[in-house]
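So you can see what is in the structure, the chains are spelled out below.
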Amino acid sequence: MLQSLLCSEKRKEAKSRLKCIICDRETIDDGYCRFHEGARRVIIRKYDDWTRAIGISWKEYLSEIAKNPLTGEWAKEVALHLLEEENKKNVENG
Ligand SMILES: [Zn+2]
């Protein structure tokens, strides 16, 4: 599931040297700048631990990150962005 997430983003942002989806910095990969891409990788890696520990869904997990006061600003912005994408997907799927 996480792999398909990564792939679909790659296809969407095939061109390089774009602006970050979240801020205006230059992207390094997948439409994110190095700060947001770094935060996103941490989020995806940690999701593995969370599902194993408490069996949380991807969306629930993102919401937890977004409202957790201990979450850094970069990670929070990425989590909110990914949540928006999930909501858009749900609308498209009906
Ligand atoms: Zn950024």
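Scroll up to find the structure.
Residues numbered from 1 in each chain as written. Predicted model: local features only at pLDDT ≥ 70, side-chain atom pairs only at ≥ 80, totals over all residues.

## Describing helix α3 (residues 58–67)
Basically, it comes down to this: The exposure label follows from counting other C-beta atoms within 10 Å of a residue's C-beta, where the C-beta atoms are placed from the backbone and the thresholds are 20 or more for buried and 12 or fewer for exposed, leaving partly exposed in between. Numbering goes from the N terminus for both helices and strands, where a helix is a DSSP run of H or I of at least four residues and a strand is a run of E of at least two. Of all possible arcs, the one meant is that of the directions from the helix axis to the C-beta atoms.
Tyr61, Leu62 and Ile65 are the residues of α3 that are buried. Viewed along the axis of α3, the buried residues span an arc of 100°, placing them on a single side of the element. Exposed residues pointing more than 90 degrees away from the buried face of α3 are listed as Glu60 and Lys67.

## A look at the nonpolar core
Condition: Note on definitions: a nonpolar core is a set of buried residues drawn from Ala, Val, Leu, Ile, Met, Phe, Trp, Tyr and Cys, linked by C-beta atoms within 7 Å. Two residues qualify as being in contact provided that their C-beta atoms, derived from the backbone, are within 7 Å of each other.
If you look at the biggest cluster of nonpolar residues, it comprises 10 residues: Ala39, Ile43, Tyr61, Leu62, Ile65, Trp74, Ala75, Val78, Ala79 and Leu82. Those elements giving two or more residues to this core turn out to be α2 (34–54), α3 and α4 (73–93). Sort the elements by how many residues they give to this core and α4 lands first, with 5 residues. Beyond its immediate chain neighbours, meaning those up to four positions away, Ile43 contacts Ile65, Ala75, Val78 and Ala79.

## Considerations on α2
Convention followed: By this rule, a helix spans an expected 1.5 Å times one less than how many residues it contains.
Here α2 is 21 residues long and its end C-alpha atoms lie 30 Å apart, about the 30 Å a rise of 1.5 Å per residue gives. What α2 keeps buried is the set His36, Ala39, Arg40 and Ile43. Downstream of α2 by one or two residues, Gly55 has phi in the positive range, about 60°.

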